[in-house]
Amino acid sequence: MMPVDTAESIILSYARSLSSAQDLEYVPLMQAIGRVLGRAVESVLDFPHWDNSAMDGYAVRFQEVEHASPASPVVLRIAGDIPAGSVPTLALAPGEAARILTGSMMPIGADTVVMQEKTERIVGSDQLRLTEAPPELGHFVRHRGRFYTAGDRLLSPGLVLGGAELAVLAAAQILSVPVFRRVRVGVLSTGNELIQPHETLRPGQIVDSNQVALVALLQQAGVEAVALGQVQDDRKMLKSAMKKAIEQCEVVISSGGVSVGDYDYVEDLLEELGGTIQVRSIAIKPGKPLTFATFGQTLYFGLPGNPVSALVTFWRFVLPAIKKCSGQSSDWGPHWTRATSPIALTADGRRESYLWGILDRSNYAEPVPTFRVAAGSGSSGNLINLAGSNALAVIPIGTQSIEAGDPLQVMVLPD
Ligand code: AMP
Ligand code: MG
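Residues numbered from 1 in each chain as written. Chains lettered and ligands numbered in written order. Predicted model: local features only at pLDDT ≥ 70, side-chain atom pairs only at ≥ 80, totals over all residues.

Once that is clear, we can look at the overall build of the protein chain. When helices and strands are tallied, the protein chain shows seven helices and 28 strands. Dimensions of the protein chain, computed from C-alpha atoms along their principal axes, come out at roughly 95 × 50 × 40 Å. Buried positions account for 39% of the 415 residues belonging to the protein chain. Put simply, of all contacts in the protein chain between residues at least 6 apart along the chain, 70% involve residues at least 24 apart. (Helix = DSSP H or I, 4+ residues; strand = E, 2+ residues; numbered from the N terminus. Buried ≥ 20, exposed ≤ 12 C-beta atoms within 10 Å, placed from the backbone. Contact = placed C-beta atoms within 7 Å.)

Put into structure tokens, the structure is as follows:
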């Protein structure tokens, strides 16, 4: 049995990232959410585009107000208004200020903004009185190009586009976004006992829940998920289904048929088909029989059939590899946090054990979040209580119990 972290690094080492120009496609800005940026994006504009005010207030000449104080107030004439979105037509003459709003362009002749709250408009007149000097020249002015200048890199390739990234692209007026194409991932279920969710369940049969779960999780991960259906535990049929899957897809995920049972052919067939088995048994519970093979650059994950094992191994090993394949430059996951459990958590200590439950991160004041193990967690036959879980607590090899309140390593499941 291979340690979990060894298996993880072997799997990641074979996951080749999209990176070439052929892997690019262009999508409209509004459809780019969740996609991986395929090329660096440079600004064609300066940010800000022009000198503008950071406050509602008055644009002034610093030199004229730098000694303002209650004892010697400075009085300026208000030469006009500059609403946001307008180009100022006025130029400040000596002794003048201009009313300015946040984001408005600075008028010619002004170099500093005094916030409205620090001024006093003399009632019934166009006079402004200042009894306090602005702290420095250029105060509350956002200068053109202060954040970015044209030609600067705004976003780097490999970044997953979220709301903030789309806002940057929108501000830079990039309407067509270069993203990596979606990686093609096939999902195959194996087992004579399986039926599809719409079929009538007969005694001895099991509904193929893995296909639904895996396809959905892959879609959520932004790849092109291909549901390849179910195949019997029949060497010939399975071999041909696996062969087709390997030819059609860049990553293949099958579930079932990887244990040591009489009908578990996946591992043999991977070798017969010319694959190289890189990982065949991992010291993890649930999920020990996971088999990982490569066919050149094509990755094959033979997940255990047990639905809990299939999901846990998908989250732990498959999803990070898929994120890497998709061109994401970092943060492939899993994501970890420290937590504490209000009750002792136990395991057999022979394999790294993953217990599912709910991590409560909603309490702002609590420095370490609480993990509440689901009732029946650890029994890999129990799929139902995996639903609603958002985290997996890890009990390392050699540890049989983590006491209540002791530090606990928790893997956060993707939202
Ligand atoms: P296997 O790994 O093929 O020995 O399967 C282990 C257990 O998982 C058996 O109880 C199977 O019936 C069940 N199982 C296998 N494949 C699936 C699937 N696609 N969906 C739900 N359960 C499955
Ligand atoms: Mg089976």
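With three bridges connecting them, strand β4 (residues 57-60) and strand β6 (residues 96-100) associate as antiparallel partners. Of the residues in β6, the one forming a bridge with Ala-59 is Ala-98. In the sheet, β4 pairs with strand β7 (residues 112-115) via four bridges, with the strands oriented antiparallel. Note on β7: the bridge partner recorded for Val-60 is Thr-112. (Pairing = 2+ DSSP bridges.)

A word on the sheet that holds β4. Across the sheet, six strands lie side by side as β7-β4-β6-β5-β9-β8; this open sheet has mixed pairing. The sheet is open, and its two edges are formed by β7 and β8 (119-121), each paired on a single side. Geometrically, the sheet is characterised by an average inter-axis angle of 40° between neighbouring strands, direction not taken into account. Where β8 lies against strand β9 (residues 127-130), three bridges are found, and the strand directions are antiparallel. Bridged to Thr-119 within β9 is Leu-130. (Axes fitted to C-alpha atoms, helices over the stretch in contact; angles between N-to-C directions.)

Before going further, it helps to spend a moment on the nonpolar core. Soluble globular proteins tend to pack their nonpolar side chains together in the buried interior. Among the nonpolar cores identified, the biggest contains 80 residues, and Val-185, Val-251, Ile-253, Phe-314, Ile-322, Leu-392 and Ala-393 are the most heavily contacted of them. Among the elements that make up this core, the one with the highest residue count is helix α7 (residues 307-325) (12 residues). Each residue touching Val-185, except ones within four places of it in the same chain, is listed here: Leu-218, Val-223, Glu-224, Ala-225, Val-226, Cys-249, Glu-250, Val-251, Ile-253 and Ile-322. Grouped together as the second largest cluster of nonpolar side chains are 22 residues, Ala-59, Leu-92, Met-106 and Phe-140 included. (Core = buried A, V, L, I, M, F, W, Y, C linked by C-beta atoms within 7 Å.)

Moving on: the environment of Thr-112. For Thr-112, the position within the fold is in strand β7. Linking Thr-112 and His-139, residues 27 residues apart in sequence, is a C-alpha distance of 5.2 Å. Ignoring sequence-local partners within four residues, the contact set of Thr-112 consists of Val-60, Phe-62, Pro-134, Leu-137, Gly-138, His-139 and Val-141.

Attention now goes to the environment of Tyr-300. Turning to its location among the elements, Tyr-300 is positioned in strand β21 (residues 298-303). Spatially, the C-alpha atoms of Tyr-300 and Val-318 are 9.8 Å apart, while their sequence positions differ by 18 residues. Each residue touching Tyr-300, except ones within four places of it in the same chain, is listed here: Ile-246, Val-252, Leu-270, Gly-275, Ala-293 and Phe-295.

Here we come to the site of ligand 1. Taken together, 19 residues are adjacent to ligand 1, and Ser-189, Asn-210, Gly-256, Gly-305 and Asn-306 come closest. Tallied by class, residues from the shell around ligand 1 come to five nonpolar, 12 polar and two charged. (Near = placed C-beta within 6 Å. Nonpolar A, V, L, I, M, F, W, Y, C, P; charged D, E, K, R; others polar.)

With that settled, the discussion passes to the sheet that holds strand β18 (residues 276-279). Ordered by their spatial adjacency, six strands build an open sheet running β16-β13-β17-β21-β20-β18, and the pairing between neighbours is mixed. One side of each edge strand has no neighbouring strand; the edge strands of this open sheet are β16 (224-231) and β18. The mean inter-strand angle of the sheet, taken between neighbouring strand axes irrespective of direction, is 20°. The pairing of strand β17 (residues 251-255) with β21 spans five bridges and is classified as parallel. Residue pairing in the sheet places Ser-255 in a bridge with Leu-303 of β21. Packing of helix α4 (residues 209-220) onto the sheet brings it into contact with β13 (184-190), β16 and β17, and relative to β13 it is tilted by some 170°. Docked against the sheet, α7 engages β13, β17 and β21, running at close to 170° with respect to β21.

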